[in-house]
Protein chains: 4
Amino acid sequence: MEKLTDQILKDVITPRPQNSFKGTFGKVTLVGGNHNFGGAIIMASMAAVCAGAGLVTTATDKSNSSPLHSQLPEAMFADFTNDKQVADLVQAATSVVVGPGLGDDESSLQILKNVFANTNDQQNVIIDGSAITLMAHENIDQPHGNIIYTPHEMEWQRLSGIKIGEQTEDKNKIAQQKLGATVVLKKHHTEIYTSNQVYQLPIGTPAQAVGGMGDTLAGIVGGFTAEFNDKPAEAVLAAVYVHSAIAEKIAESQYIVLPHQISRALPAFMKKMEKLEDDHHIGFLN
Amino acid sequence: MEKLTDQILKDVITPRPQNSFKGTFGKVTLVGGNHNFGGAIIMASMAAVCAGAGLVTTATDKSNSSPLHSQLPEAMFADFTNDKQVADLVQAATSVVVGPGLGDDESSLQILKNVFANTNDQQNVIIDGSAITLMAHENIDQPHGNIIYTPHEMEWQRLSGIKIGEQTEDKNKIAQQKLGATVVLKKHHTEIYTSNQVYQLPIGTPAQAVGGMGDTLAGIVGGFTAEFNDKPAEAVLAAVYVHSAIAEKIAESQYIVLPHQISRALPAFMKKMEKLEDDHHIGFLN
Amino acid sequence: MEKLTDQILKDVITPRPQNSFKGTFGKVTLVGGNHNFGGAIIMASMAAVCAGAGLVTTATDKSNSSPLHSQLPEAMFADFTNDKQVADLVQAATSVVVGPGLGDDESSLQILKNVFANTNDQQNVIIDGSAITLMAHENIDQPHGNIIYTPHEMEWQRLSGIKIGEQTEDKNKIAQQKLGATVVLKKHHTEIYTSNQVYQLPIGTPAQAVGGMGDTLAGIVGGFTAEFNDKPAEAVLAAVYVHSAIAEKIAESQYIVLPHQISRALPAFMKKMEKLEDDHHIGFLN
Amino acid sequence: MEKLTDQILKDVITPRPQNSFKGTFGKVTLVGGNHNFGGAIIMASMAAVCAGAGLVTTATDKSNSSPLHSQLPEAMFADFTNDKQVADLVQAATSVVVGPGLGDDESSLQILKNVFANTNDQQNVIIDGSAITLMAHENIDQPHGNIIYTPHEMEWQRLSGIKIGEQTEDKNKIAQQKLGATVVLKKHHTEIYTSNQVYQLPIGTPAQAVGGMGDTLAGIVGGFTAEFNDKPAEAVLAAVYVHSAIAEKIAESQYIVLPHQISRALPAFMKKMEKLEDDHHIGFLN
């Protein structure tokens with residue numbers, strides 16, 4: 001298992017080309033947030049916007065339109081029960097994030113199926129939270145696309161069939177190969193299983209043990225894979241790393257880290273990464 | 001009557017275990033906030049989130065869903081008239097907070113009864129505001145659980161039958177023993193009656209005399225008892241102390257303290273407490 | 001005409017008594033904000049809360065409940081078309097503020113009449129904006145209470161019948177005496193007509209020429225008259241002064257001042273005033 | 001093509017006259033933001049308010065009323081399907097901004113026609129986003145007023161018929177002359193075509209490649225043309241310049257710039273411009 005270092009941030013977060021426009025940095029469509037869990041998709045959307053995606057649209061329950069725009073006018077809204085509109089938005093996306101706060105009832109299932117029916121192999125598809133649970137429970141086929149799962153250990157048990165106590169590197173690797181997808185297994189020292197390598201995240205803090213932390217990670221993965229779409233594999237690793245690197249920084253002066261604080265810190269933190277010279281990458285957090 | 005000191009903060013707010021996740025820090029379900037008093041339950045929920053509870057769900061009037069998520073995407077929402085959903089959320093909670101902005105009409109009463117029917121003896125149940133008044137007026141039995149009342153003097157009069165001018169330590173103690181509950185009697189120099197001791201809060205400021213201050217306290221008690229669930233009695237004392245300690249700090253530069261400012265200051269203030277060494281605990285506010 | 005100085009702030013903004021609670025600082029009921037002008041009553045309510053009123057309730061169009069609580073959970077909400085509830089809230093108030101964003105249609109008129117029917121002589125009643133226009137156009141009698149009008153010049157023309165070009169001190173004084181009310185005539189160098197004196201505000205800045213500035217002033221007058229209810233006449237003068245003193249301070253580094261910024265600056269600014277010693281009152285803004 | 005310099009800011013952003021009131025700085029009516037794109041008109045409105053317009057009204061879908069007031073109580077709201085109210089607001093405006101988030105369906109078209117039917121030659125009319133696309137696709141005549149288009153290259157292609165690869169200065173100039181309007185052609189080094197001159201913006205940063213950046217520009221143009229209505233041509237140039245000058249400043253410490261940050265920075269940035277002496281205008285950004 002290879003330990004990730006801040007080198008991954010330097011590899012991914014490079015200066016933007018001068019002659020660029022919002023289309024250069026991709027479109028992210030996020031789908032989730034039922035009537036109860038609107039905060040989850042709002043946090044994921046905030047992460048995608050602050051990570052630097054060019055255009056972000058949030059397909060969610062209509063009751064979430066108002067708080068979404070109250071906090072994040074930069075995101076566009078769609079009613080996630082409008083199948084035609086969601087299909088169009090999914091088809092147009094560079095990256096699709098599905099699952100944060102989606103819920104697991106009949107309506108959630110129909111929405112998930114509609115999303116999955118409209119992805120294609122050129123897209124990054126981040127499958128998170130209730131979307132993973134629904135796939136496992138309802139036996140839904142994996143959709144087209146560059147698939148990235150972001151389960152915690154229980155969700156991974158549901159998806160892979162490997163019990164939490166038995167989730168060894170070898171077993172996880174076999175399950176991941178069978179899926180043909182990237183797996184970000186969220187735990188103390190998160191592990192990332194890719195097609196040719198297994199990575200471990202050596203950083204992170206218990207101050208991150210707060211509801212919404214995973215939704216924020218899913219949003220950053222969505223944002224980075226859209227923005228840095230020429231290197232989507234590295235973008236996933238950088239997203240995982242930046243999420244905990246910022247949290248560690250905030251946790252120096254806070255007992256807990258609120259998820260939205262990580263998103264709001266992204267633009268300034270990414271600027272510092274962009275400026276790092278090669279020989280100074282160690283200790284960048286000081 | 002024993003005077004509380006900042007030692008209680010050092011006893012309670014200790015470094016988090018490295019290998020922890022959001023489940024480690026408990027679940028808080030808050031119930032309150034009718035169509036008129038939505039701000040109360042929003043302030044209580046913000047306090048619970050910022051205090052560090054692992055997962056926070058707010059059961060409230062549906063008109064409060066949008067402002068809740070506008071300010072606090074970290075909280076989940078439930079419609080407090082959905083008896084089944086509220087019952088599930090109450091049963092799943094480490095700590096239940098009921099009362100902030102609940103109101104005192106027929107609908108409030110039904111919601112309260114539903115909450116009380118679903119608590120158990122392993123839970124902390126914080127009963128605040130209109131919930132206390134409803135219990136007194138409607139002669140409702142105390143529910144199961146580790147019960148913590150947070151009345152102001154008039155609410156204590158209603159609950160205990162002791163008139164405000166006659167609320168002496170001895171009389172209060174007898175009433176508290178009869179209830180078999182913790183009583184946080186909010187007043188100038190708040191008193192806390194526990195099963196084996198009476199404490200007095202020697203700190204606080206008239207800058208706290210602002211609507212919503214009590215809702216915020218109830219939320220911190222909910223957050224701390226869930227997060228520090230191995231020592232719930234101390235967690236209540238720490239919650240009462242931290243609320244006024246932060247207020248005093250803010251009041252050094254403000255004529256009044258807005259309740260939400262206390263919540264927002266919790267993560268940084270708690271970090272300072274966590275770092276305190278034993279021999280330096282006096283004068284930590286400087 | 002006597003020029004106001006910062007002495008009025010020192011006279012009014014004195015240290016709070018140690019043994020006080022939210023009831024000590026009064027209740028403010030604000031009525032206004034129709035479907036179009038919700039921002040006006042939100043800004044007035046924010047001013048009343050930040051000025052330090054003990055309890056603040058905002059009676060407004062139901063569409064404004066969500067943005068009110070999104071910004072100001074400290075305020076309570078009432079539907080201004082609920083005559084019974086508004087009557088109760090008006091009767092219970094120390095100070096009533098009516099007019100910001102109320103509008104001038106038939107519904108506005110009914111709401112105004114309901115408010116006016118429920119005030120009494122022990123209350124401060126601040127009449128602002130559309131409420132002044134409605135009184136003039138619909139020929140409505142002045143209600144019971146310590147009446148404070150806050151018109152701009154055109155509204156004063158409507159109320160007093162004195163044309164803008166002819167609003168001299170003498171004519172204004174006669175009109176004010178006839179009304180038996182305090183008149184805060186908002187203009188370049190605002191004038192305050194009280195029962196026994198005319199004051200002029202020598203401070204202020206063109207950076208205040210922004211929509212919502214008057215709503216904020218009305219809210220501060222409401223907050224101060226409730227909080228400093230033992231000296232309501234001085235409280236009005238202090239409210240007018242503090243509004244422009246803070247604006248001047250902000251305008252040192254801003255081309256315009258947004259009204260909500262004045263409210264948010266009140267707690268810190270008032271603290272500075274409270275600390276001022278008598279011999280240092282000149283130049284307090286430095 | 002003449003390169004714009006910060007001289008344009010000094011020419012336009014001059015000290016406000018002492019004896020001024022909100023009417024002095026004009027009225028802006030913004031029309032846009034359907035059920036999906038509410039964020040666009042909120043960002044444009046925030047820009048107009050922060051730029052210093054005297055009074056700002058936002059005509060938009062009714063679902064956007066709440067998030068508008070949650071962020072911007074300074075703006076007034078109107079339902080954009082209320083033809084009579086929108087007509088009144090358009091007629092009363094110094095500057096009209098139409099298009100941000102308006103959408104391109106049948107309802108958007110009716111709203112646009114209503115706006116265009118009510119402008120007059122004394123007004124500044126900023127036509128942005130979907131409004132440009134609708135004009136081109138539906139063959140709608142240019143309305144009365146001092147017309148300012150703010151297209152990106154694709155929208156300019158639709159309006160002028162000049163393909164993106166062929167949009168040379170000469171061709172653009174001919175098309176602009178035919179329109180008799182100002183054209184702000186948004187691209188890397190934005191170009192402004194006026195009745196007698198072509199300007200180029202030499203500043204800007206790829207950190208601005210974020211959705212909502214254009215909506216914010218349209219709002220600043222609306223705000224500046226209303227506020228500095230004695231020199232509307234210069235006001236447009238200053239708006240374009242200030243938008244990128246602030247973005248460059250923010251981008252010194254951020255990888256991307258969120259559009260609303262530009263608006264929130266306007267009051268402080270404009271103050272610095274106002275204070276600049278003639279011989280110090282070079283390098284003001286340091």
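Residues numbered from 1 in each chain as written. Chains lettered and ligands numbered in written order. Predicted model: local features only at pLDDT ≥ 70, side-chain atom pairs only at ≥ 80, totals over all residues. Heavy atoms only, no water.

Chain A has the name ADP-dependent (S)-NAD(P)H-hydrate dehydratase in an unreviewed UniProt entry, where Limosilactobacillus rudii is given as its organism. According to the UniProt record, the Function (unreviewed entry) comment for chain A is "Catalyzes the dehydration of the S-form of NAD(P)HX at the expense of ADP, which is converted to AMP. Together with NAD(P)HX epimerase, which catalyzes the epimerization of the S- and R-forms, the enzyme allows the repair of both epimers of NAD(P)HX, a damaged form of NAD(P)H that is a result of enzymatic or heat-dependent hydration." For the record of chain A, the UniProt heading Cofactor (unreviewed entry) holds the text "Mg(2+)". (UniProt positions renumbered as here; feature names shortened; annotations may be inferred.)

**Student:** Sorry if this is basic, but what is going on with the relation of the copies chain D and chain A here?
**Tutor:** Applying a rotation about an axis and a shift along it to one chain copy brings it onto the other copy. Between chain D and chain A, which share one sequence, the superposing operator has a rotation angle of 90° and an axial displacement of 0.0 Å; the RMSD is 0.0 Å. In symmetry terms, the pair is related by a four-fold rotation axis. Looking at the rotation axis and the C-alpha trace of chain D, the residue lying nearest is Ser-70 of chain D, at 4.2 Å. (Least-squares fit on C-alpha atoms with pLDDT ≥ 70 in both.)

**Student:** I'm lost on the UniProt feature "domain: YjeF C-terminal" (unreviewed entry) in chain A in this one. Help?
**Tutor:** Feature annotation in UniProt assigns "domain: YjeF C-terminal" (unreviewed entry) to the following positions: residues 5-273 of chain A. Helix and strand shares over residues 5-273 of chain A are 47% and 15% respectively, and the end C-alpha atoms of the span are 13 Å apart. (Helix = DSSP H or I, 4+ residues; strand = E, 2+ residues; numbered from the N terminus.)

**Student:** Quick question: what am I supposed to make of the packing of aromatic side chains here?
**Tutor:** Two measures describe an aromatic ring pair: the distance that separates the ring centres and the angle between the ring planes. Summed over all chains, the structure comprises eight aromatic pairs over all chains. Ring plane angle 50° and centroid distance 6.4 Å describe the contact between Phe-228 of chain A and Tyr-255 of chain D, whose orientation is recorded as tilted. With one member in each of two chains, Phe-228 of chain A in the loop between helix 9 (213-227) and helix 10 (232-251) and Tyr-255 of chain D in the loop between helix 10 (232-251) and helix 11 (259-275) form a pair that bridges those chains. On the basis of relative accessible area, Phe-228 of chain A is assigned to the buried category, the value being 5%. The buried category is assigned to Tyr-255 of chain D, whose relative accessible area is 4%. Ring centres 5.2 Å apart and planes at 85° place the aromatic pair Phe-224 of chain D and Phe-228 of chain D in the edge-to-face group. Grouped by ring-pair contacts, the aromatic residues Phe-224 and Phe-228 of chain A together with Tyr-255 of chain D constitute a single cluster. Lying across the ring of Phe-25 of chain A, Arg-16 of chain A places its NZ or CZ 3.5 Å from the centre. (Phe/Tyr/Trp six-rings, centres within 6.5 Å; stacked < 30°, edge-to-face > 60°. Buried < 20%, exposed > 50% of the residue type's maximum accessible area, 1.4 Å probe, protein only. Lys NZ or Arg CZ within 6 Å of the ring centre and 35° of its normal.)

**Student:** Please explain the relation of the copies chain B and chain C as it appears in this structure.
**Tutor:** With an RMSD of 0.0 Å, the operation that places chain B on chain C is a rotation of 90° combined with a shift of 0.0 Å along the axis. Taken together, the interface assignments show that only 11% of the residues at the interface of chain B recur at the interface of chain C, consistent with different surfaces on the two copies. (Contact = heavy atoms within 4.5 Å.)

**Student:** What should I look at first to understand the arrangement of the chains in this one?
**Tutor:** Contact between chain A and chain C is absent, and the minimum C-alpha spacing across the pair is 8 Å. Where chain B comes nearest to chain D, the C-alpha atoms are still 8 Å apart, and the two do not contact one another.

**Student:** Please clarify how the UniProt feature "binding site: AMP" (unreviewed entry) in chain A should be interpreted in this entry.
**Tutor:** All names here are of chain A. As annotated in UniProt, the feature "binding site: AMP" (unreviewed entry) corresponds to Lys-186, Lys-187, His-188, His-189, Thr-190 and Gly-214 in the numbering used here. A compact arrangement is adopted by the annotated residues: their sequence extent is 29 residues, whereas the largest C-alpha distance between any two is 13.9 Å. In this fold, Lys-187 is placed in the loop between strand 8 (182-185) and strand 9 (191-193). When its relative accessible area of 29% is taken as the criterion, Lys-187 is described as partly exposed. One can find Thr-190 in the loop between strand 8 and strand 9. In this structure Thr-190 comes out as buried when scored by relative accessible area, which is 9%. Thr-190 has contacts with Val-184, Leu-185, Tyr-199, Gln-200, Leu-201 and Val-240, leaving out every residue within four places of it along the chain.

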